[in-house]
Amino acid sequence: MPRSRLALVLALLSATATLRAQDRLFLGTREIDLVGTPGAPLGSAPNDVQGKPAAGGRYLAYLSWVLDTLTGVRSDVPTGTWILEADPSRPRAFVYDGVTVSVFDLETRALTPVVTAAHPYPRGFVSASYASGTDELFVRRRGADDNSAEIAVVAVASGQVTRVLPAIWEGEWDWHVTAAGDVVVAMVFGDVQGGTYTQGVHLLDARTGARVAAHAAEVSNVLDDRRFRRTYVLGRGALSALDRQGHELARVPMPLLCYPRMAVSPHSDRLYVAWTTPPTPTQNYRYVLTTYDVAQGRALSTVDVTAAVGLEPTGSFCNAPLVSVLSPPPAPEAPSATTSGPSVT
């Protein structure tokens, strides 16, 4: 092959590899291309903020729908069910109908019940996290006082509950089990009624439920990085990376963000934080995306992605009301006043 043609082929192969390595992030079903043009066509494995990727990124599962990221086709889960968790390595999701947790095959749309998880209390709430290394689904149920909860560990292959972790939670929190199934990471907003768990991130032994480490911070979001076996903690004034023993590996100072959500890059050591700006007298909320180099401990870029998302965020982000940007009213004309006894008009 002539040298010039070989160089062209190598250049094309390199360009193809670069395109396949692009990171994409989803806000709902709206996709943001983090490398090229925002809003680029669906294609490579996504890195989500709100949804859960399944089958290596082929599908994005969120609440009651599943998005095929290769074709852009969106389909609903069976009526009366909603998605608790997705399997990142296989085309399946775990759905719940208020009584039973089932495996939902994303390709055949078949449902296979695995465990009964009926609310034991009137105010119970069910969530789940999947450990691909052990093929176990950790199913969490909230207790009668709405502050404690227990976690039933289910062997997906058999549908049997193998163990139940103690009811040790207090306060509102988010949580996940690591991919290896060895550590449960829980985000706690604070003590409730004299509880023993202080505000911050707590690491628990996934076999016994015993607390093995804690990271005290005012936390707003946590995210697990399966590749590097670490947990990102988004707190007030800082972004931290913790190892599996709760030790801080890196720390990046950052301002207080409104409604922050995080996503890790599947291709490089990058962390993406999507957040909304508070409204000002002249501008409504905006979607903003900041990219961090975790190894160097610094922010790389901050971009307004409102146009890529396609809509302005709404709601009580930062506890601030939505601002309507209007033209100022005209100055009053011909002001006058009259008096009648003690009254002024």
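Just so you know, these numbers come straight off a predicted model, no measurement behind them. (Residues numbered from 1 in each chain as written. Predicted model: local features only at pLDDT ≥ 70, side-chain atom pairs only at ≥ 80, totals over all residues. Heavy atoms only, no water.)

### Topic: the pattern of salt bridges
- Using the criterion set out here, one finds 10 salt bridges in the structure.
- With a closest N to O distance of 3.2 Å, Arg229 and Asp182 form a salt bridge. Separated by 47 residues along the polypeptide, Arg229 in the loop between strand S20 (219-225) and strand S21 (230-235) and Asp182 in the loop between strand S16 (173-177) and strand S17 (183-188) bring together distant segments of the chain.
- In this structure Asp182 comes out as partly exposed when scored by relative accessible area, which is 30%.
- In this structure, the salt-bridge partner of Arg286 is Asp304, at a minimum N-O distance of 3.1 Å. Linking Arg286 in strand S26 (residues 286-293) with Asp304 in strand S27 (residues 298-304), this pair joins segments that are 18 residues apart in sequence.
- Residue classification places Asp304 among the partly exposed residues on the basis of a relative accessible area of 42%.
- Each of Asp87, Arg92 and Asp135 takes part in salt bridges that share partners, so that together they form one network. (Salt bridge = Lys/Arg side-chain N within 4 Å of Asp/Glu carboxyl O. Helix = DSSP H or I, 4+ residues; strand = E, 2+ residues; numbered from the N terminus. Buried < 20%, exposed > 50% of the residue type's maximum accessible area, 1.4 Å probe, protein only.)

### Considerations on the pairing of strand S6 (residues 65-68)
- Side chains Trp65 and Leu67 of S6 all project onto a buried face; the interleaved residues Val66 and Asp68 project onto the opposite face, where all are buried too.
- Summarising the sheet, strand S5 (residues 59-62) and S6 pair through four bridges and their orientation is antiparallel. Bridge pairing in S6 places Leu60 opposite Leu67.
- Connecting the antiparallel pair S5 and S6 is a turn made up of two residues, with Leu63 showing a positive phi of about 55°.
- Relative to strand S7 (residues 74-76), S6 runs antiparallel, the two sharing three bridges. Across the sheet, residue Trp65 finds its bridge partner in S7, namely Asp76.
- Joining the antiparallel neighbours S6 and S7 is a turn of five residues, in which Gly72 adopts a positive phi near 80°. (Pairing = 2+ DSSP bridges.)

### Side note on the sheet that holds strand S23 (residues 248-253)
- Read from one edge to the other, the open sheet built from four strands follows the order S20-S21-S22-S23, with strand pairing classed as antiparallel. This sheet does not close on itself; its edge strands, each paired only once, are S20 and S23. Looking at each pair of strands side by side, their axes are set apart by 15° on average, direction ignored. (Axes fitted to C-alpha atoms, helices over the stretch in contact; angles between N-to-C directions.)

### Remarks on the nonpolar core
- Judged by nonpolar contacts, the single largest core of 16 residues is most densely connected at Tyr232, Leu239, Met262, Leu271, Val273 and Tyr292.
- Within the residue set of this core, elements represented by two or more residues are S21, strand S22 (238-242), S23, strand S24 (258-264), strand S25 (270-277) and S26.
- At three residues, S25 tops the list of elements feeding residues into this core.
- For Tyr292, the contacting residues outside a window of four places in its chain are Leu239, Val252, Met254, Asp269, Arg270, Leu271, Val273, Arg298, Ala299 and Leu300.
- Formed by 15 residues, the second largest nonpolar core is a distinct cluster that contains Tyr96, Val115, Leu137 and Val156. (Core = buried A, V, L, I, M, F, W, Y, C linked by side-chain atoms within 4.5 Å. Contact = heavy atoms within 4.5 Å.)

### Thoughts on unusual backbone geometry
- For Ala55, which is not glycine, the phi dihedral falls at a positive 55°.
- A positive phi angle is found at Arg109, which is not glycine, with a value near 65°.
- Along the chain, Arg109 turns up in the loop between strand S10 (100-105) and strand S11 (111-116).

### As for the pairing of strand S9 (residues 92-96)
- Within S9, five of the five residues are buried, leaving the element largely enclosed by the surrounding structure.
- Side chains Arg92, Phe94 and Tyr96 project from S9 onto one buried face, and the interleaved Ala93 and Val95 project onto a second face that is buried too.
- Relative to S9, strand S8 (residues 82-86) is paired through four bridges, and the arrangement is antiparallel. Note on S9: the bridge partner recorded for Ala86 is Ala93.
- In textbook terms, the turn of a hairpin is the stretch between consecutive antiparallel strands, and for S8 and S9 this stretch comprises five residues.
- Bridge count between S9 and S10: five bridges; the pairing is antiparallel. Looking at S10, one finds that Arg92 is bridged to Asp105.
- Here S9 folds back onto S10 in antiparallel fashion, the turn holding three residues, of which Gly98 has a positive phi close to 100°.

### Observations regarding the packing of aromatic side chains
- Scanning the model with the defined rule gives three aromatic pairs in all.
- Ring geometry for Trp82 and Tyr96: centres 5.3 Å apart, planes at 90°, overall edge-to-face. Of the two residues, Trp82 sits in strand S8 while Tyr96 sits in strand S9, which places them 14 residues apart along the sequence.
- On the accessibility criterion, Trp82 (36% relative accessible area) is partly exposed.
- Classification of Tyr96 by relative accessible area gives buried; the value is 0%. (Phe/Tyr/Trp six-rings, centres within 6.5 Å; stacked < 30°, edge-to-face > 60°.)

### Examining the confidence of the model for the chain
- Of all residues in the chain, 70% have pLDDT values of 70 or greater, and the mean over the chain is 75.
- Within the chain, helix H1 (residues 3-20) has the poorest average pLDDT of any element, 39, and S9 the best, 95.
- When the criterion is pLDDT under 50, residues 4-21 qualifies, and its contacts beyond four places in sequence or with other chains add up to five contacts. (pLDDT = per-residue confidence, 0-100.)

### Some thoughts on the environment of Asp304
- Separated by 27 residues in the primary sequence, Asp304 and Thr277 place their C-alpha atoms 9.6 Å from one another.
- Other than its neighbours up to four places away in sequence, Asp304 contacts Arg286, Tyr287 and Val288.
- A distance of 3.1 Å separates polar atoms of two side chains, one belonging to Asp304 and the other to Arg286.
- A polar atom in the side chain of Asp304 sits 2.8 Å from the side chain of Thr306. (Polar contact = N/O pair within 3.5 Å; in protein donor to acceptor, adjacent residues only side chain to side chain.)

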